[in-house]
Amino acid sequence: MQELETIKDTEKGLYVYCAAEYNDTAPYTLGNIGIENNEVFVIASNGICLVVHACDAKPYASKNENEVKGWVKAHHDVIDAASKIFPAVVPFSFDVIIKGSDPAGVAVNWLESERDKILEKIERIKGREEYIIQIFWEKAITKRHLMAKEKFQVLDKEIKNMSEGTAYLHKQKLEKALEKEAEKLAEEYFQFFYSKIKKHSDDIKVEKVEDTMLMNISCLVNKENVRNLGAELETILDMNEFSVRFVGPFPPYSFV
Amino acid sequence: MTTRIDINNGNTKQSLLGLVIALVEIIRDALRLQALRRMDSGKLSAEEVEKLGLALGELDSAIEKMKDEQGVTEAVQHVRSSLDELANNMVNQVVGRNART
């Protein structure tokens, strides 16, 4: 998609929250809900619009972390509000500003030149929401279960009859084998859960896992499928070895 | 123009010790891996296996004691997690994918 020109001097600016599908019955203004209580309004062209507020032609920047957090929160709140008004919104990241002597004109030109790409994105996310699913497990518990396998039991018995130094090395060997098997199991569970969740999602982004996470994904889900997805996650919870965090809905930040 | 840097001596000591012990642990892990390889290759006598195991066991005990005494168990874990993440990111970059870590 063609880049919006970035700002560099003292011209006028328009801060952009999102693009959206627009029809004439939708309101022109969303009220003073923007960053620093600015009035948020739409610039529309031929069935699509940008949700914006008028600002100086310079980025929002501050060394005060709380101030920046407040701006970012306001940014997301406006996108949330817009997603309740318009049939589909394409969120923009924080601090995108159109500059120029006539930024509204630049916005209209951009909407016209990018129309097909914006409509394509809108079509992809229309009627859908983003959810985050995180599945946690305790590897130590899984390893204890694996230890019940005969081959590990035999090794464990042998180790108990060994002298101290030899037992140490064989214990390490046993631990490595358990770790490898647990990792293999984790991969199998990941694929199993992924296929269960995929049935109810239109798109999935795999995110980085931390600590005890087995899976950390963002899903694009049709609103009509959310209940089914929830039921599917219940079946994972019923397995008792895992806990599930299911968070959302969010505007589809990860899929535009 | 002068620049002031506030250093909390306690924290600096803990961080440095955490880093040093994390590096010792990584070397210990490499030694352990090498010992297991040699044991599995069958080239070590039973006596050599016993000596190697005892030495590595003593090293484990010394490391754990030092971590306890200096209260750096968490700092060591933090350094190791950061290094793991760095290594994972590098591998993912090289293979060009956003893999599970």
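1. As for the overall build of chain B
Right, on to step 1. Looking only at helices and strands, one finds 3 helices and 0 strands in chain B.
Right, on to step 2. Seen in sequence order, chain B has helices and strands lined up from the N terminus as α-α-α.
Right, on to step 3. The burial tally for chain B puts 13% of its 101 residues in the buried class.
Right, on to step 4. The long-range share in chain B, meaning contacts at least 24 apart out of those at least 6 apart in sequence, stands at 76%.

2. What to know about the overall build of chain A
Right, on to step 1. The helix and strand inventory of chain A stands at 7 helices and 9 strands.
Right, on to step 2. In terms of C-alpha radius of gyration, chain A reaches 26 Å, well past the compact-globule figure of 18 Å for 256 residues.
Right, on to step 3. For chain A, the spread of C-alpha atoms along the principal axes amounts to about 85 × 40 × 30 Å.
Right, on to step 4. Per-residue burial for chain A yields a buried fraction of 28% across its 256 residues.
Right, on to step 5. When contacts within chain A are restricted to residue pairs at least 6 apart in sequence, those whose partners lie at least 24 apart make up 74%.

3. Some words on the pairing of strand 6 (residues 128-137) of chain A
Taken residue by residue, a regular strand's side chains alternate between the two faces of the sheet.
Residue and element names in this part refer to chain A.
Right, on to step 1. Pairing between strand 6 and strand 8 (residues 213-222): 9 bridges, direction antiparallel. Across the sheet, E129 pairs through a bridge with V221, a residue of strand 8.
Right, on to step 2. With 7 bridges connecting them, strand 6 and strand 9 (residues 242-250) associate as antiparallel partners. Residue pairing across strands places W137 opposite F242, the latter belonging to strand 9.

Criteria and thresholds
Residues numbered from 1 in each chain as written. Chains lettered and ligands numbered in written order. Predicted model: local features only at pLDDT ≥ 70, side-chain atom pairs only at ≥ 80, totals over all residues. Helix = DSSP H or I, 4+ residues; strand = E, 2+ residues; numbered from the N terminus. Buried ≥ 20, exposed ≤ 12 C-beta atoms within 10 Å, placed from the backbone. Contact = placed C-beta atoms within 7 Å. Rg over C-alpha atoms; globule rule 2.2 N^0.38 Å. Pairing = 2+ DSSP bridges.

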